[in-house]
Amino acid sequence: MEKRRFFIDGMVGEEALLTGEEFAHARTVLRLDTGSEVILLDNSGKEYDGIVTSVGKREMRVHVLSVREGEREAATDVKLLFGFLKNADRNEFVVQKATELGVREIGLFSSEYSSAHVSENKLERLRRVAKESAKQCLRSCAPAIEYHPSLQDALHSGMGYANKFFACEFLREKGADLRRIDGSAVLVVGSEGGFTRAEFEGAVSLGYRGVSLGKRILRAETAAVALTAVVMFGAGEWQN
Ligand code: SAH
């Protein structure tokens, strides 16, 4: 079995502490104890092999034995921007699948037709989902998750990306070709309410290109996962 993986906040020399939820999970769910071998992740892309050296009531001390670069991160920097959905499970689904597919950053936004209430608690929950998913698929980094109170703000966060794709359900002209993608990419997918024409035009004026996901209207979460998968493929991420 793969060694258990945990996210840590930092390390002092060769010692790291598992605290908070990671500790609770290690101790009460997995029953790890002194001598257990673990892999620690600090979101730098590195992986640290360690061994538990002591267990307290609130923390577990781990001695790091070796360090290496994680090998599972996508070479292509992909950011997913998606409209915050009303249903918490669907937001979690998108975060989980985008993490598995290798997305490096996730931005949630509110827009004209998206009226879900966003709270710090909900964002924290999504960050936990991203971490759990990252561990499960053996990534060494969990995607950062941030919230943009407006679509405009979200679109601006993607300005540095080489390719800017906007999934537009009412696109009339031919959409951008996703079969071959060079360089980084930011992807925009709307919530259940979709986008207004003015929102799409605003995105185009910032350099975003409309993309079509076919003839049918997909649910937001299907669109987000399908577009991410296609972009990863187009960027060559599926050719090991
Ligand atoms: N309420 C809208 C649908 C929104 S679908 C309507 O009734 O028309 C949610 C999001 O998924 C859209 O904003 C878009 O980003 C994406 N999407 C769904 N189907 C799509 C398609 N065929 N082409 C491009 N984007 C699509």
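Below or above, wherever it landed, is the structure these notes cover. (Residues numbered from 1 in each chain as written. Predicted model: local features only at pLDDT ≥ 70, side-chain atom pairs only at ≥ 80, totals over all residues. Heavy atoms only, no water.)

Throughout the structure, instances matching the rule amount to 21 salt bridges. Lys135 serves as the salt-bridge partner of Glu132, at 3.4 Å between the closest nitrogen and oxygen. One end of the pair is Glu132 and the other is Lys135, both in helix H3 (residues 120–136) and three residues apart, which spans about a single turn. Look at Lys135 and you get buried, because its relative accessible area is 9%. What you see here is one network of salt bridges that share partners, running through Lys3, Arg5, Glu37, Glu47, Asp49 and Arg68. (Salt bridge = Lys/Arg side-chain N within 4 Å of Asp/Glu carboxyl O. Helix = DSSP H or I, 4+ residues; strand = E, 2+ residues; numbered from the N terminus. Buried < 20%, exposed > 50% of the residue type's maximum accessible area, 1.4 Å probe, protein only.)

Lining the immediate surroundings of the ligand are 19 residues, of which Ala167, Glu169, Glu192, Arg216 and Leu218 lie closest. One of the side-chain N or O atoms of Glu169 is found 2.9 Å from an oxygen atom in the ligand. Note that a nitrogen atom of the ligand is positioned 2.9 Å from one of the backbone N or O atoms of Leu218. In isolation the ligand has 560 Å² of accessible area, and contact with the protein removes 83% of it. (Near = heavy atom within 4 Å. Polar contact = N/O pair within 3.5 Å; in protein donor to acceptor, adjacent residues only side chain to side chain. Areas by Shrake-Rupley, 256 points an atom, 1.4 Å probe, with all protein chains shown as cover.)

Moving on: the sheet that holds strand S11 (residues 185–189). Pairing is parallel across the open sheet formed by six strands, whose spatial order is S9-S8-S7-S11-S10-S12. Because the sheet does not close on itself, it has two edges, and the strands there are strand S9 (144–148) and strand S12 (209–211). If you compare each strand with its neighbour and ignore which way they point, the axes differ by 25° on average. Across three bridges, strand S10 (residues 163–167) lies against S12 in parallel orientation. Each bridged residue has a counterpart across the sheet, and for Ala167 the counterpart in S12 is Val211. Each of strand S8 (105–109) and S9 touches H3; the most contacted strand, S9, lies at about 155° to it. Against the sheet, helix H6 (residues 220–234) makes contact with strand S7 (78–83), S10, S11 and S12, and its axis sits at roughly 160° relative to S11, the strand it touches most. (Pairing = 2+ DSSP bridges. Axes fitted to C-alpha atoms, helices over the stretch in contact; angles between N-to-C directions. Contact = heavy atoms within 4.5 Å.)

Moving on to the sheet that holds strand S3 (residues 15–18). Read across the open sheet, the six strands follow the order S1-S4-S5-S6-S3-S2; overall the sheet is mixed. Looking at the sheet topology across the chains shown, the edges are occupied by strand S1 (4–7) and strand S2 (11–12). Summarising the sheet, S3 and strand S6 (residues 60–69) pair through four bridges and their orientation is antiparallel. In the strand pairing of S6, Glu15 is matched with His63. Across the sheet, helix H1 (residues 20–29) is in contact with S1, S3, strand S5 (46–55) and S6; its angle to S1 comes to roughly 155°. In the packing of H3 onto the sheet, the strands contacted are S1 and strand S4 (37–41), and the crossing angle to S1 comes to about 145°.

Attention now goes to the packing of helix H2 (residues 88–101) against H3. Where H2 contacts H3, the two axes come as close as 9 Å, and the packing angle between them is 35°. The hand of the H2/H3 crossing is right-handed. Across from Asn91, Glu92, Val95, Gln96, Thr99 and Glu100 in H2, the residues of H3 making contact are Arg125, Leu126, Val129, Ala130, Ser133, Ala134 and Gln136. Among the residues making up the contact of H2 with H3, the classes are represented as five nonpolar, five polar and three charged. (Left-handed = near helix turned anticlockwise from the far one by under 90°. Nonpolar A, V, L, I, M, F, W, Y, C, P; charged D, E, K, R; others polar.)

Orientation of H2 relative to H6, taken along the N-to-C sense of each, is 5°, at an axis distance of 9 Å. Classified by the angle their axes make, H2 and H6 are roughly parallel. Facing H2, whose interface residues are Arg90, Phe93, Val94, Lys97 and Leu101, H6 presents Glu221, Ala224, Val225, Thr228, Ala229 and Met232. When grouped by side-chain class, the residues that make up the contact of H2 with H6 number seven nonpolar, one polar and three charged. (Parallel < 35°, antiparallel > 145°, perpendicular 65-115°, else oblique.)

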